[in-house]
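Residue-level listing of the chains:
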Amino acid sequence: MCGIFGMIHHEGGHKVNEVFLRSATQKLYHRGPDGEGYFVENNIGLGHRRLSIIDLSDRGKQPMEKHGLVISYNGELYNYKTLRSDLEQMGYRFHSHSDTEVILSAYDQWGEDAVHRFSGMWAFIIYDRVKKHITLSRDQWGMKPLFIFNAEGFTCFSSEIKAFTIFKEWNGELNKDSVYDYLANGLIYHNRDTMFQSVHSMEPGSLLRLDSKGKELESFNFQINEDHFLNSNSPPDQFSNLFSQSVKRHFVADVPVACALSGGLDSSAIVQEAAEQELLLDTFTFTVNEKSYSESEYVLELKNKLEISNHQIRPSFQEHLEAHQDAIMANEAPALSMNLISSYLLYQTVHRKGYKVLLAGQGADELLCGYHFYFVPYLKFLSKKSPVMAAKMLLSLGIHYPSKFSSVINKEKSNLDLFLFHQKNESEDSAANFQNFYLNQLTWGHLQRLLIFEDHLSMANSVEARLPFLDQTFSRYCIGLDFKYKLHLSETKYLLRKVMKGRLPDSITNRKDKMGFVSPQELWIQQNRTYFFSEIKKSIQKHPGWIDEKVISFLDSGKAKTIHQDIWRLYSFFKFLDLEF
């Protein structure tokens with residue numbers, strides 16, 4: 001895992017200034033404190049900061065050159081040994097044990113089609129010294145970011161936006177649409193836009209080829225799309241084996257690997273699987289003293305069952321405030337909630353304990369429909385496919401989640417068939433609609449924000465976050481599963497629960513509540529309301545033109561439906577404005 005940087009001067013005769021190249025790359029020091037490297041050829045420059053995880057020797061140093069190709073790469077290929085063996089049978093020879101060298105040989109052999117053979121997470125920049133082309137790519141989920149800054153006369157690419165700030169052409173102008181989306185809708189990193197007007201994100205699952213002057217020659221997208229539903233019929237009995245293989249692949253490293261353990265189903269499943277394979281060394285847990293927000297009882301139960309080591313952090317409200325600006329500087333955007341700071345503090349602890357790799361459970365909720373908001377669109381889909389099952393599901397939801405679903409039942413109790421079956425008369429395809437809804441959550445919905453956060457917060461602390469649920473083989477298998485294995489009556493992630501039954505404690509597999517990675521934000525803001533209002537008022541005066549002071553009166557009136565979220569977003573936004581970008 002590393003920090004990568006590249007630049008192209010649009011005029012071929014304008015040589016890259018290595019001082020600027022080094023300064024930009026040094027902004028990524030936290031992503032790779034173990035080494036650095038640079039490559040300059042006329043108007044093309046590549047920089048690299050290295051976090052050594054596979055092949056710790058200097059043979060893995062980047063930028064790496066082979067076959068007339070030069071690469072700056074961030075990520076891990078979990079199937080690199082298999083690819084290496086295939087390439088060796090074709091006559092290729094290797095001088096290191098790194099996955100970087102495998103990528104270069106794969107690209108030499110298969111060109112851009114090589115990305116279809118990769119299983120892992122990546123963002124890379126490859127310069128072809130013969131053809132004078134630059135190729136950029138991100139993995140299918142976008143686990144590794146790549147940002148593009150277009151300036152007058154040159155274009156830059158980087159793992160993080162802060163690398164662009166060393167250029168005089170950088171002005172830090174905010175993207176007002178992104179600011180609005182954040183403040184009004186609680187959205188961030190939900191499309192190619194960033195908080196900055198001059199920077200956009202390269203799409204997940206994409207490849208872009210440029211000529212030596214930065215002009216686009218070719219691009220294609222290999223992100224998950226509706227085609228993956230065609231003729232897909234993943235057999236449920238393969239789930240356990242494929243999940244086991246994924247966890248094992250994600251432990252491949254030449255340094256110790258640890259796991260996050262929240263007490264929820266996803267992280268517990270990873271820890272259980274790793275313990276059964278005798279791979280596990282250590283686990284890390286974020287919790288709080290406020291009992292209603294804590295999952296410690298579930299963590300303790302699994303810890304005692306498996307007899308594993310567990311480090312718990314319990315940061316206070318004040319510790320969250322003190323770490324806030326560091327966390328949003330890492331995130332390069334304001335925080336949607338205090339949970340972002342909690343994650344930052346957890347990775348800080350992982351780093352201090354000497355770990356470079358942490359496995360986490362992100363992706364399971366999106367692949368296996370783990371959020372309650374999947375139920376309503378799924379009911380519409382199910383009402384056409386199986387009206388009886390739709391009725392059973394709705395009634396089960398009313399029993400197990402009365403506070404969430406009773407209002408729906410009460411509203412329609414006199415005419416349940418209308419609620420369930422009115423879709424029959426609609427021209428739209430409810431199956432396609434639900435599939436699109438499901439895919440959107442995977443591609444440009446909630447997951448994309450989580451992945452950017454995960455990368456930025458972990459790498460700010462020189463830790464690589466690995467996500468076994470998003471393994472290419474396993475995730476494509478999960479997409480192909482019939483939805484009945486994801487949502488069953490009132491259960492989310494049905495097949496995962498079924499597979500882990502008897503392995504994990506029943507208290508975990510049978511849990512109906514979903515907490516996620518939470519801090520007691522609502523409680524803390526309520527207890528410290530005066531402080532937040534005072535800070536926001538001062539910030540409105542300090543940064544005029546963004547927020548009308550009348551918003552304070554509105555929030556103070558109690559009319560806002562999500563007052564603690566609104567207060568927090570305003571507070572975090574103004575703290576973001578205080579940063580020097």
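The following paragraphs examine the structure supplied in this document. (Residues numbered from 1 in each chain as written. Predicted model: local features only at pLDDT ≥ 70, side-chain atom pairs only at ≥ 80, totals over all residues. Heavy atoms only, no water.)

### Some points on the nonpolar core
Soluble globular proteins tend to bury their nonpolar side chains together.
Point 1. Residues Phe5, Phe118, Trp141, Phe239 and Leu367 are the most contacted members of the largest nonpolar core, which totals 170 residues.
Point 2. If you look at the next biggest cluster of nonpolar residues, it comprises 17 residues, including Ile4, Val70, Leu146 and Leu210. (Core = buried A, V, L, I, M, F, W, Y, C linked by side-chain atoms within 4.5 Å. Buried < 20%, exposed > 50% of the residue type's maximum accessible area, 1.4 Å probe, protein only.)

### Some points on the layout of surface pockets
Point 1. Size it by volume and the second largest pocket reaches roughly 310 Å³.
Point 2. Lining the second largest pocket are 14 residues, and of these Leu183, Ala184, Ile547, Val551 and Leu570 lie nearest its centre.
Point 3. Those elements giving two or more residues to the lining of the second largest pocket turn out to be α4 (176-185), α22 (550-556) and α23 (563-578).
Point 4. Ranked by the residues each element gives to the lining of the second largest pocket, the list is headed by α4, at 5 residues.
Point 5. Considered class by class, the residues forming the lining of the second largest pocket number 11 nonpolar, no polar and 3 charged. (1 Å grid on protein atoms, 1.4 Å probe; cavity = no way out; pocket = protein on both sides within 12 Å on 5 of 7 lines; lining within 4 Å. Points joined across faces, edges and corners; volume = space filled by probe spheres on them. Helix = DSSP H or I, 4+ residues; strand = E, 2+ residues; numbered from the N terminus. Nonpolar A, V, L, I, M, F, W, Y, C, P; charged D, E, K, R; others polar.)

### Description of the pattern of salt bridges
Point 1. For the structure on display, the rule yields 30 salt bridges.
Point 2. Among the ionic pairs, arginine 31 bridges to glutamate 160, the shortest N-O distance being 2.8 Å. Linking arginine 31 in the loop between α1 (18-26) and β2 (35-41) with glutamate 160 in the loop between β9 (154-158) and α4, this pair joins segments that are 129 residues apart in sequence.
Point 3. Judged by its relative accessible area of 0%, arginine 31 falls in the buried class.
Point 4. We note a salt bridge from arginine 503 to glutamate 273, for which the minimum N-O separation is 2.8 Å. Pair noted here: arginine 503 is in the loop between α18 (494-500) and α19 (506-509) and glutamate 273 is in helix α6 (residues 265-276), with a separation of 230 residues, a long-range link.
Point 5. For arginine 503, a relative accessible area of 17% puts it in the buried group.
Point 6. Its relative accessible area of 4% is what places glutamate 273 among the buried residues. (Salt bridge = Lys/Arg side-chain N within 4 Å of Asp/Glu carboxyl O.)

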